[in-house]
Every structure is written in structure tokens, then in C-alpha cells.
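Summary of the model geometry
This is what each chain is made of:
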Amino acid sequence: MTHSPPPGAPRARIPGPQQPPPSSPRTPAGLWKRCLAGGLLLWALTALVTYATESTAPLPTLILLGGFLVPVSFVLWAYERHGRDLGVGVILSCFLAGGTLGALGASVMEYHLLRPSLWMFVGAALVAEAAKLGALMFVLRLQTRLRGLRAGVVLGAAVGFGFAAPESAAYAFDAAVSTDGVGLRALVETEILRGVLAPLGHGLWTAVAGGVLLEYRRPGGRFPLAAPVVGTWAGVALLHALGDSTHGIALWLTARLTAAGPAGRLFAEGYLPGAAEGRQHLFALFSAGGLVLVTLAGAAWVRSLARQDPAWRNTP
């Protein structure tokens, strides 16, 4: 026979079933698509309002949206497809570190490229690629578990896109203030061009270099200066230099084929005198074709690295 305890008496507490700790929130699939579509809509609306009101108040929003939209969307895509196990925090840290270096590096390179030459492009590219790898190593200095080709490609791309975002915003700002008043048309054209080229430049080059860097990382976390790492850094710097100097190379080739003037002077001055239609078409062909070749070379390099690592087939 059981007796109920008197009122006020302490009751025994029976532990309930153990509940698993709450898991960290997962990024929903397709977030990069919604980010890109929503950002494009906001960017177009901001450009329309700026044009209709002729006000400079929306310009910072327009410049920042245009500069960061495509790099952020591609980082989200890389995270969803190949980097969920790496963690949001480390990818965001790589993006921010690359962005900080990009804001400083863009102004330094502009200062040194006032009189462009092929060798100056090569030197600036070597410095930029070394700075981006330095940013990657700085972020991962305590993350000794992060090794391997796949992790290096994803995190290297995050650093590269972080580098590209403020650089694109700086180019858009320069385009806006390079004419009397506000050059809205030049700003919009620059942001469209930089947005299209963003995935084919810094993100691609640093993905290759980061992949090889982390592939050779030691289990203890050290980053050895192995020959493949140094060779890859030099190779992506060469692609970087070729991509930056495509405009000048196209001028040089056009001048040599059409006798438009001293080829070296045209490369340094950066413009093609005369407005002959055939000459302009030839220049456009060389310029666009050069960018396509550099892009195909970088994409083929990344693809060859991915085929070497079976971890790409087992990404979350």
C-alpha cells in the first residue's frame, strides 16, 4: 500500500531521457542562388533609383553591392557543394582576410602600375599571389586539422574572392569619379564586367595555389616551402599577370599587325589611336581571346587537381 507524501515534502526528481545537443544550424541548399538573384534585383533597383533621382546617396550601396555580390555568391556555392565540413567560420575568416589584403593591395598595385609594362605586371602578380597565400596561412595557422587538396581549393577560393570584392568596388568607384559629375554609365559597365570576370580571376588562381599549399601541409600544421608549392605560386602569378596585361598585349599585337604605331608605346599608354573599324575589331578579338585563353588554362588546372583527389566525390 502506497502513501502519498505529505504536502510540502520534497519529491524525488527522475531524470528524463537524454536529449542530443542541438546541432549547429545548416545553411539551406540553394542559398547562393537566392543570394545572387536577390542581390541582382537590389543592384538593378539601386541603379534605377540613382539614375532617376540623379542623387549620389545610393552610390555607396550600388558600388558595394556590385563589388561583393558575385564573390559572396560563389563562396556560398563552394561552401554548399564542397565545404560544409570545413565550417562557416573558417570560410568567412578566409574571405575577410582576403578582402582586407585586397583593399590595401589594389591601391598599392595601382600606384606601381601607373606606367604599365609586362614585367611590372608580373611583379605585382607575384606579390599579390604571395599576399593571398599569406592570408590563407594566417587564418589556418591554428586549424591544424585542415589539410588536403579539397580544403585548400575551397578556402583558397574564399581568400581570392575576398581579394576580388573590394578591388571590384574600387574600380567601380574610380569609374564613377573619372568623369565630370557622376559617371553612372561607366560605373554600371565596370561593375557588370568585373562581376562577370570575378569567378575567372582571383578566386580561380588562389584556389589552385591554396589547393597545392594544403595538399603539402604537414600533419602538425606546418606549411613547407616544397617545390610544387613554389612552382604553383609562380604559375598562378603568371596567369594573373597575363590576365591583367591582356589589354596591353592586345594593343601590342594590333599595332604590330596594322602598323598603328610603336607597339611598346601603345602598351605603356594603354590606348589605340585612330578609330578604324577593322583595327578596333582586331583589338577586341585579341583582348577577349586572351582572357578566354587565360581562363581556360586556370579552369583546366583546377579540374586536373580535382581529378587527383578522391575526396571531391565524397563531399557533403
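Right, let's walk through the structure included here. Computed from a predicted structure; not experimentally measured.

Turning to the overall build of the protein, a few remarks are in order. The helix and strand tally for the protein stands at 11 helices and 0 strands. Tracing the protein from N to C terminus, the helices and strands come up as α-α-α-α-α-α-α-α-α-α-α. Within the span of the protein, comprising 316 residues, buried residues form 42% of the whole. Within the protein, contacts between residues at least 6 apart in sequence are counted, and of these 74% link residues at least 24 apart. Looking at the protein as shown, the accessible area adds up to about 17,800 Å², and 67% of this sits on carbon and sulfur atoms.

If you look at the biggest cluster of nonpolar residues, it comprises 39 residues, and the most contacted ones within it are V90, I91, L136, L140, L155 and L214. At the level of elements, helix 2 (59-82), helix 3 (88-112), helix 4 (118-139), helix 5 (149-177), helix 7 (202-215), helix 8 (227-244) and helix 11 (277-308) are the ones that each hand at least two residues to this core. Looking at this core element by element, the count peaks at 10 residues for helix 5. By size, the runner-up hydrophobic cluster in this structure holds 11 residues, among which are A47, L62, L184 and V188.

About the thresholds
- Residues numbered from 1 in each chain as written.
- Predicted model: local features only at pLDDT ≥ 70, side-chain atom pairs only at ≥ 80, totals over all residues.
- Heavy atoms only, no water.
- Helix = DSSP H or I, 4+ residues; strand = E, 2+ residues; numbered from the N terminus.
- Buried < 20%, exposed > 50% of the residue type's maximum accessible area, 1.4 Å probe, protein only.
- Contact = heavy atoms within 4.5 Å.
- Areas by Shrake-Rupley, 256 points an atom, 1.4 Å probe, with all protein chains shown as cover.
- Core = buried A, V, L, I, M, F, W, Y, C linked by side-chain atoms within 4.5 Å.

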